[in-house]
Amino acid sequence: MFKKVLIANRGDIAIRILRACKEMGISTVAVHSQADAKQMNVLLADESVCIGPAKSADSYLNIGAILSAAEITGADALHPGVGFLSENERFARMVETHGMKFIGPKPEHIAAMGDKIVAKQTMIKLGVPVVNGSDGSVSSIDEAKEIADKIGYPVLFKAASGGGGKGMKVANNEKEIEDAFNMAKSEGRSNFGDDTVYMERYLTHPRHIELQIIADNYGNVVCLGERDCSIQRNHQKLLEESPAVILSEKDRTKIYSTVCKAIKQLGYVGVGTLEFLYEDGIFSFMEMNTRLQVEHPVSEMVTGIDIVKEQIKIAAGEKLSFTQKDIKIHGHAIEMRINAEDPSTFVPSPGQVTELYFPGGNGIRIDSHIFRNCVVSPYYDSLIAKIIVHADTRESCIMKARRAMSELVIDGIKTTANLHASLLKNNDIVANNYDIHWLSENLGKI
Ligand code: ADP
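Cut-offs and rules
- Residues numbered from 1 in each chain as written.
- Predicted model: local features only at pLDDT ≥ 70, side-chain atom pairs only at ≥ 80, totals over all residues.
- Heavy atoms only, no water.
- Pairing = 2+ DSSP bridges.
- Helix = DSSP H or I, 4+ residues; strand = E, 2+ residues; numbered from the N terminus.
- Axes fitted to C-alpha atoms, helices over the stretch in contact; angles between N-to-C directions.
- Contact = heavy atoms within 4.5 Å.
- Domains from an automatic or database assignment.
- Near = heavy atom within 4 Å.
- Polar contact = N/O pair within 3.5 Å; in protein donor to acceptor, adjacent residues only side chain to side chain.
- Nonpolar A, V, L, I, M, F, W, Y, C, P; charged D, E, K, R; others polar.
- Phe/Tyr/Trp six-rings, centres within 6.5 Å; stacked < 30°, edge-to-face > 60°.
- Buried < 20%, exposed > 50% of the residue type's maximum accessible area, 1.4 Å probe, protein only.
- Lys NZ or Arg CZ within 6 Å of the ring centre and 35° of its normal.

A. Region of interest: the sheet that holds strand 6 (residues 155-159). Spatially, three strands are ordered 7-6-8 in an open sheet, and the strand pairing comes out antiparallel. Only two strands of the sheet have a single neighbouring strand rather than two, namely strand 7 (168-171) and strand 8 (197-201). Sheet twist, expressed as the average angle between the axes of neighbouring strands with direction ignored, equals 25°. Sheet topology places strand 6 next to strand 7; four bridges connect them, and they run antiparallel. Of the residues in strand 7, the one forming a bridge with Phe157 is Lys169. In the packing of helix 6 (residues 116-125) onto the sheet, contacts are made with strand 6 and strand 8, and the angle to strand 8 comes to roughly 50°. In the packing of helix 8 (residues 174-192) onto the sheet, contacts are made with strand 6, strand 7 and strand 8, and the angle to strand 7 comes to roughly 180°.

The following block contains the structure:
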């Protein structure tokens, strides 16, 4: 097993990884920007190294500084966390050429899945159903119109290198093609330095259902259940649950087996998430994330598996200690992402947390890096806490989540907590009657 792991990330996820390492008897190195010197992960780590100024490009994305920090502290493995460099093929390769183990998949799989066009083509070959769309990239407006006629309106243009909900534009008819095509291209260029776009049929009432998979170096692949992440704003997830109660047992078993077969054939190693749209009983693959996912705790709650510890063990060359048959889904879990944002405009609300009280009790888990009097920085993602609730059934989980939200106090900054409290009381949510577009359509009413 590794002796010392450098955690190349910040916030709640850095603490999540640090906790797993500590429980495994592994020393930890935190890296941080100048703005993050007083963050909780830095205080909790065995060692810490400042890797640059506040701007992510100069610190958390600064490969040279991170590798130097690993070298001077003698770390033998590096965990990239979520976001930042976690899906950067070049970084993964450089970590290994510097004699450390990258706690993540093989670089070639990061590269293949990072290009959404290649990812879809790969999945088609592996027998995974995908969203109907263009065969590859789309290079002109005329070509786009031809494809739209074939797949039918509405259509969605997507940036091949897109992520975080950026680079996506809908065209409802032929007249809207030109603008949507040009806008997706320019968002792709400005956000990801790549203006390659492709097209998909825009589904009007799907659920977002994703499968958590885990694979070792010996060809063992297990699906740790699915998550329903349909409560989204601007294509970004706000609330996630596991299991997805909309699925029949037959559909669930079938997709698990299709995906596990595909992942085994691909030779993928580590943890990963395959994201699907699910509409009218049909699964359509969208993309695969080759890293730990923000919402992994809901899967941990219902399976009892510590995904981060397993991820570390796999990187250290251990075999999975369980098979698909061992995975039993216990009860229901819901995660609420609390963001430091104005709940009506969603504009970030950085500043000092003047008062803080987190809910507790049986079945409540808090993954967070904030503490009383800490300063929520304007430089990074606005996620400040994940409140995860576990209970026997979806109904009792919602009741417990409502109770948890009634106890939560975060003062000094604006947060999305009240929006979550309202969602948990909404009839459509309680009745499991919504799709990925529901929140945008209902925001003004809840
Ligand atoms: P990102 O990498 O930016 O997260 P995804 O491909 O995962 O991009 O899509 C993000 C979200 O956008 C999905 O969860 C879904 O809500 C919406 N979306 C993506 N593709 C489609 C589609 N073909 N039809 C309808 N909605 C879509």
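B. The arrangement of the domain arrangement of the protein chain in detail. By domain assignment, the protein chain separates into domain 1 (4-103), domain 2 (132-201) and domain 3 (207-445). The centre of domain 1, based on its C-alpha atoms, is set 36 Å off from the matching centre of domain 2.

C. The site of the ligand, seen in detail. If you check the shell around the ligand, you find 21 residues, and the closest are Gly165, His208, Gln232, Glu275 and Glu287. Arg201 places a polar main-chain atom, nitrogen or oxygen, 2.9 Å from a nitrogen atom of the ligand. Glu275 is positioned such that a nitrogen or oxygen atom in its side chain is 2.8 Å from an oxygen atom of the ligand. Elements supplying a minimum of two residues to the shell around the ligand: strand 6, strand 8, strand 12 (270-279) and strand 13 (282-289). The residue inventory of the shell around the ligand, partitioned by class, reads eight nonpolar, seven polar and six charged. Each of domain 2 (132-201) and domain 3 (207-445) contributes no fewer than three residues to the shell around the ligand.

D. Representation of the packing of aromatic side chains in the model. Throughout the structure, instances matching the rule amount to eight aromatic pairs. Ring centres of Phe157 and Phe181 lie 5.8 Å apart, and the angle between their planes is 75°; on these two criteria the pair is classed as edge-to-face. Of the two residues, Phe157 sits in strand 6 while Phe181 sits in helix 8, which places them 24 residues apart along the sequence. Its relative accessible area of 4% is what places Phe181 among the buried residues. On the numbers, 5.5 Å between centres and 80° between planes, the contact of Phe276 with Phe283 is edge-to-face. Pair check on accessibility: Phe276 and Phe283 agree, each one buried. Among the aromatic side chains, those forming a connected cluster through ring pairs are Tyr60, Phe84, Tyr379 and Tyr380. Over the ring of Tyr434 we find Arg207, and its NZ or CZ is 4.0 Å from the ring centre. Over the aromatic face of Tyr218 sits the side chain of Lys319, whose NZ or CZ is 5.6 Å from the ring centroid.

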